[in-house]
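# Structural overview
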Amino acid sequence: MNTPRTPTLFDELLSRHAPHAPRALHPLHPLRSPNAPHAPRTTADAANTLREVMQQITLAGLWRGGFFAKAAFYGGTCLRLFHAAERFSEDMDFSLLAPDENFSLETYFDAITTEFKSLGRDVVISKKEKKRATNVESAFLKDDTSLYNLHFKSERKVKIKIEVDIRPPPGFSTEQKLSLQPFSFMTRCYTLPDLYAGKMHALLFRAWQKRVKGRDWWDWEWYVRKNVPLNLGHLGARICQFNPAHPIGNLTREKLLALLRERIRKTDIEAAKADVRPFIQNAESLEIWTKDYFRQLAEKIRFVE
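Scope of this entry: the structure provided in the associated data block. (Residues numbered from 1 in each chain as written. Predicted model: local features only at pLDDT ≥ 70, side-chain atom pairs only at ≥ 80, totals over all residues. Heavy atoms only, no water.)

## Notes on a nonpolar patch on the surface
Under the convention used in this document: Each patch is assembled from residues with relative accessible area greater than 30% and no salt bridge, linking like charges that lie within 9 Å and nonpolar side chains (Val, Leu, Ile, Met, Phe, Trp, Tyr) that lie within 5 Å. Throughout, the Shrake-Rupley method with a 1.4 Å probe supplies accessible areas, and for residues the shown protein chains are the sole cover considered. Take a side-chain nitrogen of Lys or Arg and a carboxyl oxygen of Asp or Glu: if they are within 4 Å of each other, that pair is a salt bridge. Helical segments are the DSSP runs of H or I of at least four residues, strand segments are the runs of E of at least two, and each set is numbered from the N terminus. Type-normalised accessible area, obtained with a 1.4 Å probe on protein chains alone, sets the label of each residue: buried when under 20%, exposed when over 50%, and partly exposed for intermediate values.
On the surface, a cluster of nonpolar side chains totalling about 360 Å² of accessible area is made up of W63, L178, L180 and M186. Within the fold, L178 resides in strand β6 (residues 174–179). Taking relative accessible area as the criterion, L178 reaches 48% and is therefore assigned partly exposed.

## Remarks on the side chain of E115
Heads up, the condition is: The contact criterion used throughout is that any non-hydrogen atoms of two residues lie within 4.5 Å.
With respect to the helices and strands, the residue E115 is situated in helix α4 (residues 109–118). When near neighbours in sequence (up to four residues on either side) are disregarded, E115 contacts I57, A60, G61, R64, P182 and F183.

## Considerations on the packing of aromatic side chains
The test is simple: Only rings of Phe, Tyr and Trp enter the pairing, Trp through its six-membered ring, and a pair is recorded when the two centres are within 6.5 Å. The plane angle decides the type: under 30 degrees is stacked, over 60 is edge-to-face, the rest tilted. To sit over a ring, a charge needs its Lys NZ or Arg CZ within 6 Å of the ring centre and within 35 degrees of the ring normal.
Counting across every chain of the model gives 21 aromatic pairs. A centroid spacing of 6.3 Å and a plane angle of 55° characterise the contact between F67 and F103, whose relative ring orientation is tilted. With a gap of 36 residues between them, F67 in the loop between α2 (43–64) and β1 (71–74) and F103 in the loop between β2 (92–96) and α4 connect regions that are remote in the sequence. Look at F73 and F82: their rings are 6.2 Å apart centre to centre, the planes differ by 85°, and that puts the pair in the edge-to-face class. The ring of F88 has R80 lying over it, and the distance from NZ or CZ to the ring centre is 4.4 Å.

## Let's talk about the environment of D165
The topology assignment puts D165 in strand β5 (residues 159–165). Measuring from C-alpha to C-alpha, the distance between D165 and A72 comes to 9.8 Å, with 93 residues separating the pair along the chain.

## What to know about the packing of helix α7 (residues 214–225) against helix α10 (residues 269–276)
We count it as follows: The axes are straight lines fitted to the C-alpha atoms, using for helices just the contacting stretch, and the angles between their N-to-C directions are given from 0 to 180°. Should an angle lie under 35 degrees it is considered roughly parallel, over 145 roughly antiparallel, and from 65 to 115 roughly perpendicular; all remaining angles are considered oblique. Any residue that is not Ala, Val, Leu, Ile, Met, Phe, Trp, Tyr, Cys, Pro, Asp, Glu, Lys or Arg is counted as polar, Gly included; the first ten are nonpolar and the last four charged.
In contact at an axis separation of 7 Å, α7 and α10 are set at 90° when each is read in the N-to-C sense. Considering their axes alone, α7 and α10 lie roughly perpendicular with respect to each other. Contacts between α7 and α10 involve G214, R215, W217 and W218 from the former and A272, D275 and V276 from the latter. Classifying every residue of the contact of α7 with α10 gives four nonpolar, one polar and two charged.

## Points about the pattern of salt bridges
For the structure on display, the rule yields 18 salt bridges. The residue R80 makes a salt bridge to E52 at a minimum N-O spacing of 2.7 Å. Separated by 28 residues along the polypeptide, R80 in helix α3 (residues 76–83) and E52 in helix α2 bring together distant segments of the chain. Comparing R80 with E52 shows no difference in burial state: the two are buried. Across the pair D219 and K199 runs a salt bridge whose closest N-O atoms are separated by 3.2 Å. Highlighted residues: D219 in helix α7 and K199 in helix α6 (residues 192–205), separated in sequence by 20 residues. Among the residues examined, K199 registers a relative accessible area of 12% and is labelled buried. The structure contains a network of salt bridges with shared partners spanning R87, K199, R206, D216 and D219.

In structure tokens form, the structure reads like this:
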């Protein structure tokens, strides 16, 4: 007969997202994360929720390790955790504040694993070996316990990819954003106009391979709906650094819209919907997605003055 496992602080964090947790808690209730998603309703929701708790703990470990003195958080997970975007996100993307060819993410592995250990969980972080030289330092963090099986009855392991751009393009700004889980601490993040620039760059130039990244399109729609202005200067810097073969020159509104219209023309919108559907809870919101919808959305982009 198996002895019941003693609940840990990690379990307590996770329970705040569990199906039995109250959904109507006041935003400042001590048992509710200010950015908590709705209670998991499907296997995909459960995996996304577990991953999100792991992301919060990872940020806490990086903060304790002093990481944010030299780096900032950006990308879809930053949008989710600090701006309450209603889409789960998988990876954690960071950028150094200034280029550093000698930077190693491994310096912070102990800080991350210690943070998980203090909450009763062990994780393994392994460095991803790259086949070619890039600006990005990568690692994979995965839960090394049976927690996912125990709570969600699944054989899959939840894995988080961590990436750090060690040669960041210039022209971005950062701000300190408060996190309350697993304790109160500050995370240095890109400001929204620069987060938007990074997302627009991904939407325009990401290599699709076999699958359109519908999550890029969902995030773009979020920025437009939230009336966030786009930092065209930082977007131009990203294009110049990451896509030197693209003759963009001085990026203007007209050039951007031409690039965007062409990307819309080539995109399989149904494939984009299929990609993002597991990461959102209101799939009905995708019904409006068509090429014409995105062409009209493009006309509503605001820009930093």
